[in-house]
Amino acid sequence: KIKNIPMIIHCIRRAEESKVGKVYVATPDIKIFEIVNANGGNAILTKKSHLSGSDRVHEAWLNQLNENVDLIINLQGDMPNIKPKEISKLEILMRHNKCDIGTLASNLKDDEFINPNVVKVCTDKTIQKDDFLNVKDFFRIKKDLKDEKIYHHCGIYIFTKNALMKYTKLPRSKLEMERNLEQMRALENNLVIKVGFCNSAPLSVDTEDDLLKVTKEMI
């Protein structure tokens, strides 16, 4: 809990405040399912065997939400301090640029370069305010970063409907398993991923220290 509110509820509220569309929580966990519904959210119980969040989102969309939608956003449930305006910015960037998947990145802090819990994204050039650049690579730890354009990858993806369907039909890729990064499946199968700049620095809560940081920021 953060400010006595479950973290997943904070994430739902940030998504709703972005006003980009309907918000659902896809989860295999009955406790999360019950917490979401008890707090007025919309939860969908999915099977437990999914190996990535995008696979889980696909099940929820395909089986229960298969409406006439063109874009599906996968927002991680451990990012309670993401700014709603960043979510809406990603949706706008996606609608004005041709690609399969979109995501966001912020500037790296000095202590994050060697933190394996902070996923990095690499581009060919510096990301300017309204850019939407092709992604070169994602990684956790990498040697020899001289002259590389490296950013803190934010845990949000926006898929076209066709890209999400294609992604989930692909087998897990070599680098996806080695790096434990689901986005590598898309890169290794030539799906085009573009990244925009996130002015804030939303934190993924992977450790107790992360929870303390995000709690202090949200007080």
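Residues numbered from 1 in each chain as written. Predicted model: local features only at pLDDT ≥ 70, side-chain atom pairs only at ≥ 80, totals over all residues. Heavy atoms only, no water.

Asker: Help me out: how do you make sense of the packing of aromatic side chains in this one?
Answerer: Geometry of an aromatic ring pair is reported as the spacing of the ring centres plus the angle between the planes. Within the structure shown, the criterion is met by two aromatic pairs. Measuring from ring centre to ring centre gives 6.4 Å for Tyr157 and Phe159, while their planes differ by 50°; the resulting arrangement is tilted. Of the two residues, Tyr157 and Phe159, neither departs from the other in class, the shared state being buried. Members of the aromatic cluster, joined through ring pairs, are Tyr157, Phe159 and Tyr167. (Phe/Tyr/Trp six-rings, centres within 6.5 Å; stacked < 30°, edge-to-face > 60°. Buried < 20%, exposed > 50% of the residue type's maximum accessible area, 1.4 Å probe, protein only.)

Asker: I tried to follow helix α2 (residues 30-38) on my own but got confused; where do I start?
Answerer: At 3.6 residues per turn, the α-helix brings residues three or four places apart onto the same side. N-cap assignment for α2: the residue whose side-chain oxygen lies 2.8 Å from the backbone N of Lys31 is Asp29. The positive-phi residue at the C-terminal boundary of α2 is Gly40, with phi of around 85°. (Polar contact = N/O pair within 3.5 Å; in protein donor to acceptor, adjacent residues only side chain to side chain. Helix = DSSP H or I, 4+ residues; strand = E, 2+ residues; numbered from the N terminus.)

Asker: Quick question: what am I supposed to make of a nonpolar patch on the surface here?
Answerer: The grouping of Phe113, Ile114 and Ile141 at the surface amounts to a nonpolar patch, some 320 Å² of accessible area in total. Inspection of the secondary structure assignment puts Ile141 in the loop between β6 (133-139) and β7 (149-160). (Patch = residues over 30% accessible without salt bridge, like charges linked within 9 Å, V, L, I, M, F, W, Y side chains within 5 Å. Areas by Shrake-Rupley, 256 points an atom, 1.4 Å probe, with all protein chains shown as cover. Salt bridge = Lys/Arg side-chain N within 4 Å of Asp/Glu carboxyl O.)

Asker: In this structure, what is going on with the pattern of salt bridges? I would like to understand it.
Answerer: Any two side chains of opposite charge can pair if their charged atoms end up close together. In this structure the tally under the stated criterion is 11 salt bridges. Put simply, Lys142 and Asp137 hold a salt bridge, and the shortest N to O gap is 3.3 Å.

Asker: Looking at this model, I keep getting lost on the packing of helix α3 (residues 53-64) against helix α5 (residues 161-169). Mind explaining?
Answerer: How two helices pack is summed up by the angle between their axes together with the distance between the axes. In the contact formed by α3 and α5, the axes pass within 10 Å of each other and the chain directions differ by 120°. Crossing geometry of α3 relative to α5 is assigned as left-handed. Residues Ser54, Asp55, Val57, His58 and Trp61 of α3 lie in contact with α5, whose contacting residues are Lys161, Leu164, Met165, Tyr167 and Thr168. The class makeup of the residues in the contact of α3 with α5 is five nonpolar, three polar and two charged. (Axes fitted to C-alpha atoms, helices over the stretch in contact; angles between N-to-C directions. Left-handed = near helix turned anticlockwise from the far one by under 90°. Contact = heavy atoms within 4.5 Å. Nonpolar A, V, L, I, M, F, W, Y, C, P; charged D, E, K, R; others polar.)

Asker: Mind showing me how you'd approach the environment of Thr160 here?
Answerer: Positionally, Thr160 belongs in strand β7. Put simply, Thr160 and Val23 are 137 residues apart on the chain and 17 Å apart in space, counted from C-alpha to C-alpha. The contact partners of Thr160, leaving out residues within four places of it in the chain, are Asp70, Leu71, Ile72, Met94, Cys99 and Asp100.

Asker: I would appreciate a short explanation of the pairing of strand β4 (residues 101-106) in the present structure.
Answerer: Looking along a regular strand, one sees the side chains alternate between the two faces of the sheet. With six of six residues buried, β4 lies mostly within the body of the structure. Side chains Ile101, Thr103 and Ala105 of β4 all project onto a buried face; the interleaved residues Gly102, Leu104 and Ser106 project onto the opposite face, where all are buried too. Taken together, the six bridges between β4 and β7 define a ladder with antiparallel strand orientation. What sits directly across from Leu104, in β7, is Cys154. (Pairing = 2+ DSSP bridges.)

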